[in-house]
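What follows is each chain in one-letter form.
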Amino acid sequence: MGNGSPGTPVVHGFPHLDTVRSAITALYRRLSPDCVHTYGTSLVPADAAFSDADDLHLGAQRVARALVQHLRLPDARMVVGFRTMEHAASVELTAGPEYFIELNDRFRTHRRDIGAALAHEITHVLLHRLGLEFPGTRANEILTDTVTTYLGAGWLLLDAFREDAVSRQKLGYLTPEEFGYVLAKRALVFDEDPSPWFTSPQAYTAYTKGRAQALHDLRRPPLTAAGWAGRRRYAKDRRYAQDHPGTVADPGVPYAFEPGGEGLRVSFPCPTCHQRIRLPVRGRVTARCGLCRTRLECDT
């Protein structure tokens, strides 16, 4: 896991959004919608609570066990230690069932964030067992942050984000707003509101910005919930595609028109799992995503 040490500048915005969306698609493909839905309840704050009165090692083991159970790793045992290191945490990925996690020594006195660090590392173990990975260290870490969050433990990572006039801290590779985005995507699927769990005001602000981006995914054409400006642009692009078959799509819009044997077709990402959907251009239609099974009202 990245360092996120106090004093390191925090990147904001949505620079990794394409990789985050690819990670959500990959998760649904690897686990199946039914399996994803078994993670419908997030880790509760009490399971990650860690006070200064708790024994350091016993407390870390307790939180690790709660995360192992939450992430459905019943036969995995986590051994947690602390040492001086550059990064926030690391895990030794082996065949198991015992895994060794090392946390940065600074967590000895920043115990409230131990759960966040452990959540990321234990998700590494889950992905290792699933055989799910992205090429390259950065993309794979973004995958890990995304899966941690989508499966109900990553709100801890966002809550570890704190920023004021004299110090700042962030854990993980996603920006705070990207963590908020994935949390909001999860909240929309499971009808869950994570905002009461935040102890960091900056985390709540990032969540609201991420939620706005997630809601925007639901309002892009050809979805019927698209706004007037989007629908107008879509109609203009559709007419152009009909008059100029084979034209390359504008990379600035989420949809693309393709000629087909029975006429023009439109492809666009599912607002839930981001798998691309292809539909004939023939007006209003109810579609269902073949991957996550989300029901979509469209006007093609």
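To keep things clear, this report deals only with the structure shown in the data block. (Residues numbered from 1 in each chain as written. Predicted model: local features only at pLDDT ≥ 70, side-chain atom pairs only at ≥ 80, totals over all residues. Heavy atoms only, no water.)

**Here's the deal with the overall build of the protein**
The helix and strand tally for the protein stands at ten helices and ten strands. Its C-alpha atoms give the protein a radius of gyration of 21 Å, near enough to 19 Å, the size a compact globule of 300 residues would have. Dimensions of the protein along its principal axes, counting C-alpha atoms only, are 70 × 45 × 35 Å. Taken over 300 residues, the protein has a buried fraction of 52%. Sequence-distant contacts in the protein: of pairs separated by 6 or more residues, those separated by 24 or more amount to 59%. (Helix = DSSP H or I, 4+ residues; strand = E, 2+ residues; numbered from the N terminus. Rg over C-alpha atoms; globule rule 2.2 N^0.38 Å. Buried < 20%, exposed > 50% of the residue type's maximum accessible area, 1.4 Å probe, protein only. Contact = heavy atoms within 4.5 Å.)

**Section: empty space enclosed by the protein**
Applying the stated rule across the entire model yields one cavity of 30 Å³ or more. The computed volume of the largest cavity comes to approximately 50 Å³. Every residue along the wall of the largest cavity is listed here: D217, R220, P221, P222, L223, P254, F268 and P269. (1 Å grid on protein atoms, 1.4 Å probe; cavity = no way out; pocket = protein on both sides within 12 Å on 5 of 7 lines; lining within 4 Å. Points joined across faces, edges and corners; volume = space filled by probe spheres on them.)

**A closer look at helix α6 (residues 137-150)**
Counted at 1.5 Å a residue, the expected span for α6 with its 14 residues is 20 Å, and the 20 Å between its end C-alpha atoms agrees. α6 sits mainly inside the fold: twelve of its 14 residues count as buried. Among the residues of α6, those classed as buried are A139, N140, E141, I142, L143, T144, D145, T146, V147, T148, T149 and Y150. Check the buried side of α6 and you find it contacts α1 (17-31), α2 (33-36), α5 (114-130), α7 (155-159) and α8 (176-190). One or two steps after α6, the chain reaches G152, where phi turns positive at roughly 100°. (Expected span 1.5 Å × (residues − 1).)

**Side note on the packing of aromatic side chains**
Using the criterion set out here, one finds seven aromatic pairs in the structure. Relative to Y181, the ring of F14 has its centre 6.5 Å away and its plane inclined at 75°; by these criteria the two rings are edge-to-face. Of this pair, F14 sits in the segment before α1 while Y181 sits in helix α8, and the two are 167 residues apart along the sequence. Arranged with centres 5.8 Å apart and planes meeting at 70°, the rings of Y28 and Y150 form a pair that is edge-to-face. Remark: Y150 occurs in helix α6 and Y28 occurs in helix α1; sequence separation between them is 122 residues. In this structure an aromatic cluster arises from ring pairing among Y234, Y255 and F257. (Phe/Tyr/Trp six-rings, centres within 6.5 Å; stacked < 30°, edge-to-face > 60°.)

**A word on the sheet that holds strand β2 (residues 89-92)**
With respect to topology, three strands assemble into an open sheet ordered β1-β3-β2, the strand pairing being mixed. Sheet topology places β1 (77-83) and β2 at the edges, where each strand pairs with a single neighbour. Direction aside, neighbouring strands of the sheet carry axes that sit 20° apart on average. Pairing of β1 with strand β3 (residues 98-104), which is carried by seven bridges, proceeds in the parallel orientation. If you follow V80 over to β3, its bridge partner there is I101. In the packing of α5 onto the sheet, the strands contacted are β1, β2 and β3, and the crossing angle to β3 comes to about 145°. (Pairing = 2+ DSSP bridges. Axes fitted to C-alpha atoms, helices over the stretch in contact; angles between N-to-C directions.)

**A word on the packing of α6 against α8**
For any two helices packed against each other, the geometry comes down to the angle between their axes and how far apart the axes lie. Look at α6 against α8: their axes get within 9 Å of each other, and the N-to-C directions meet at 35°. Where α6 crosses over α8, the handedness of that crossing is right-handed. Contacts from D145, T146, T149 and Y150 of α6 reach α8 at F179, V182, L183, K185, R186, V189 and F190. Across the contact of α6 with α8, the residue classes tally to six nonpolar, two polar and three charged. (Left-handed = near helix turned anticlockwise from the far one by under 90°. Nonpolar A, V, L, I, M, F, W, Y, C, P; charged D, E, K, R; others polar.)

**Structural notes on the sheet that holds strand β6 (residues 256-260)**
Pairing within the open sheet is antiparallel, and its three strands lie in the order β6-β7-β8. Each end of this open sheet is capped by a strand with a single partner; those strands are β6 and β8 (276-280). Between one strand and the next, the sheet's axes are offset by a mean angle of 30°, whatever the strand orientation. Alignment of β6 against strand β7 (residues 263-269), held across five bridges, turns out to be antiparallel. When the bridges of β7 are listed, F257 appears paired with V266.

**Section: the nonpolar core**
Residues M78, L103, L118, I122 and F268 are the most contacted members of the largest nonpolar core, which totals 92 residues. Here this core gets ten residues from one element, more than from any other, and that element is α5. Residues in contact with I122, not counting those within four places in the same chain, are A64, L67, V68, L71, L73, M78 and I101. (Core = buried A, V, L, I, M, F, W, Y, C linked by side-chain atoms within 4.5 Å.)

**Focus on the pairing of β7**
Burial analysis of β7 places five of its seven residues in the buried class, the great majority of the element. Sheet topology places β7 next to β8; five bridges connect them, and they run antiparallel. Pairing of F268 across the sheet is with I277, part of β8. In this antiparallel pair of consecutive strands, β7 and β8, the connection spans six residues, and H274 shows a positive phi of 70°.

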